[in-house]
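Chain by chain, the residues run as shown.
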2 protein chains.
Amino acid sequence: MEATSVNQVLDRAEVLCQGRGVRLTAQRRRVLSILCASPRPLGAYEILDAMRDGSRALAPPTVYRALDFLLEQGLVHKLESLHAFVGCNHPEHPHSSQFLICNACGEVTEIEDEAIARSLRTAARETGFRAQRRVVEVIGTCAGCAEKGR
Amino acid sequence: MEATSVNQVLDRAEVLCQGRGVRLTAQRRRVLSILCASPRPLGAYEILDAMRDGSRALAPPTVYRALDFLLEQGLVHKLESLHAFVGCNHPEHPHSSQFLICNACGEVTEIEDEAIARSLRTAARETGFRAQRRVVEVIGTCAGCAEKGR
DNA sequence: GGGCGGGACGTTATATCGTATCCAAACATA
DNA sequence: TATGTTTGGATACGATATAACGTCCCGCCC
């Protein structure tokens, strides 16, 4: 993501948090900005590395706490199959999206497909299951990489 | 799963592997049987504990290798959101199923919902994505636990 | 049977991911 | 300023997963 775009995301996140009465502190903002600036998902320790500031190294709990907050606020998503995190494209409304993960180039596309969401709701309802969280990750090859025969 | 049923699964797995020209060795059989006998998903280290035999403790790679094989053969599934594994209900045909995971009682239900599968295929096709693996896990409360107000 | 090759397994060590705990600093509120 | 709450720093540890290397065993061919 380009710098301008990252700033837009941060500004929107700021507005969202103010509206919700929660604090987007410097650390949280920093983690969000690192994630949004990355073209690929990042592991917690990669974020940690990116946050190190001169010689001073932060400890894992710092990053995990910030991530917990950002996850709760829907500002980032966790990719369970990668043990990694991505910034969210559209944190405005609560949503449960799906991810297409290319294992050739590493790119991850977040989609919000109503047909998938609907079929998940239907399947859950049929068994009386009350869904709280949905993990939908499709691992494979993106169009670009498939074309290049990767 | 009851003993008879576990044996049935093992026997079917044996037949499947023979048909495919791969070997369901003693270790692999052991891991599969532990998983099938468990009412809940098990972590790799839980399997490891279950495999210890008198004083002799096995090392993690032993279990992970067996799990890799069983995953490849579609005899077990990995639940990414739990870092745990379950035996497969119907390994006969290649399939990609979905999981309903109750975080109250720990029970996991494997379903094979054609509507979900279809909507995933459609979404992937629209973006030219070639799917290799699908992770679909719904975390929430099962009917029984919801009823009891958990 | 003897030799060969490849797959499976044992073992050690280590990488990677995540959390419990305790205390200090920053902040909001009055 | 006093006070309670939220946030963050630091240490230690637990949980999950893999790299690397050597050995054994099995099937195959001669």
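Note that the coordinates shown come from a computational prediction; the quantities given were computed from them, not determined experimentally.

Draft legend 1. Local environment of the pairing of strand E4 (residues 108-111) of chain A. Residue and element names in this part refer to chain A. As paired elements, strand E3 (residues 98-102) and E4 share four bridges and run antiparallel to each other. In the strand pairing of E4, Phe-99 is matched with Glu-110. Hairpin remark: E3 followed by E4, antiparallel, with five residues in the connecting loop; positive phi at Gly-106, about 85 degrees.

Draft legend 2. Up close: the protein's contact with DNA strand D. Around DNA strand D, the structure places 16 residues, and the nearest of them are A:Thr25, A:Gln27, A:Arg65, B:Tyr45 and B:Lys78. Restricting the count to atoms of DNA strand D within 4 Å of the protein gives a sugar and phosphate share of 43%. At 2.7 Å, a side-chain N or O of A:Gln27 approaches a phosphate oxygen of DNA strand D. A:Arg65 is positioned such that a nitrogen or oxygen atom in its side chain is 2.5 Å from a base nitrogen of DNA strand D. Secondary-structure elements contributing two or more residues to the surface near DNA strand D are helix H2 (26-37) and helix H4 (60-72) of chain A together with helix H4 (60-72) of chain B. Ranked by residue count, the leading element in the surface near DNA strand D is H4(B), at four residues. Among the residues forming the surface near DNA strand D, the class breakdown is seven nonpolar, four polar and five charged.

Draft legend 3. Representation of the domain arrangement of chain A. All names here are of chain A. As assigned here, chain A comprises domain 1 (3-87) and domain 2 (98-147). Placing the centre of domain 1 and that of domain 2 at their C-alpha centroids yields a distance of 22 Å. Buried area between domain 1 and domain 2, both sides added, is near 730 Å², and the carbon and sulfur share of it is 58%. In this assembly, domain 1 and domain 2 are joined by one salt bridge. Linking Arg-133 and Glu-80 is a salt bridge whose minimum nitrogen-to-oxygen distance equals 2.6 Å.

Draft legend 4. A look at unusual backbone geometry. Residue and element names in this part refer to chain A. Located in the positive-phi region is His-83, a residue other than glycine, with phi close to 50 degrees. Examined against the element boundaries, His-83 turns out to sit in the loop between strand E1 (76-79) and strand E2 (84-87). What makes His-83 partly exposed here is its relative accessible area of 40%.

Draft legend 5. Examining the protein's contact with DNA strand C more closely. Inspection of the region around DNA strand C gives 15 residues, with A:Tyr45, A:Lys78, B:Thr25, B:Gln27 and B:Arg65 positioned closest. In the interface set of DNA strand C, defined as its atoms within 4 Å of the protein, sugar plus phosphate atoms amount to 47%. The contact in question runs from a phosphate oxygen of DNA strand C to an N or O atom on the side chain of A:Lys78, over 2.7 Å. For DNA strand C, a phosphate oxygen lies 3.1 Å from a polar atom in the side chain of B:Arg28. Counting only elements with at least two residues in the surface near DNA strand C, the list comes to H4 of chain A together with helix H2 (26-37) and H4 of chain B. Among the residues making up the surface near DNA strand C, the classes are represented as six nonpolar, four polar and five charged.

Draft legend 6. Local environment of the packing of aromatic side chains. Residues and elements named next belong to chain B. Using the criterion set out here, one finds one aromatic pair over all chains in the structure. A ring pair is formed by Tyr-45 and Tyr-64, whose centres lie 6.5 Å apart and whose planes are at 70 degrees; its orientation type is edge-to-face. Of the two residues, Tyr-45 is situated in helix H3 (residues 44-51) and Tyr-64 in helix H4; the sequence distance between them amounts to 19 residues. For Tyr-64, a relative accessible area of 37% translates into the label partly exposed. The ring of Phe-69 carries Arg-28 above its face, with NZ or CZ at 3.9 Å from the centroid.

What counts and how
- Residues numbered from 1 in each chain as written.
- Chains lettered and ligands numbered in written order.
- Predicted model: local features only at pLDDT ≥ 70, side-chain atom pairs only at ≥ 80, totals over all residues.
- Heavy atoms only, no water.
- Pairing = 2+ DSSP bridges.
- Helix = DSSP H or I, 4+ residues; strand = E, 2+ residues; numbered from the N terminus.
- Near = heavy atom within 4 Å.
- Polar contact = N/O pair within 3.5 Å; in protein donor to acceptor, adjacent residues only side chain to side chain.
- Nonpolar A, V, L, I, M, F, W, Y, C, P; charged D, E, K, R; others polar.
- Domains from an automatic or database assignment.
- Buried area = accessible area lost by both parts, 1.4 Å probe.
- Salt bridge = Lys/Arg side-chain N within 4 Å of Asp/Glu carboxyl O.
- Buried < 20%, exposed > 50% of the residue type's maximum accessible area, 1.4 Å probe, protein only.
- Phe/Tyr/Trp six-rings, centres within 6.5 Å; stacked < 30°, edge-to-face > 60°.
- Lys NZ or Arg CZ within 6 Å of the ring centre and 35° of its normal.

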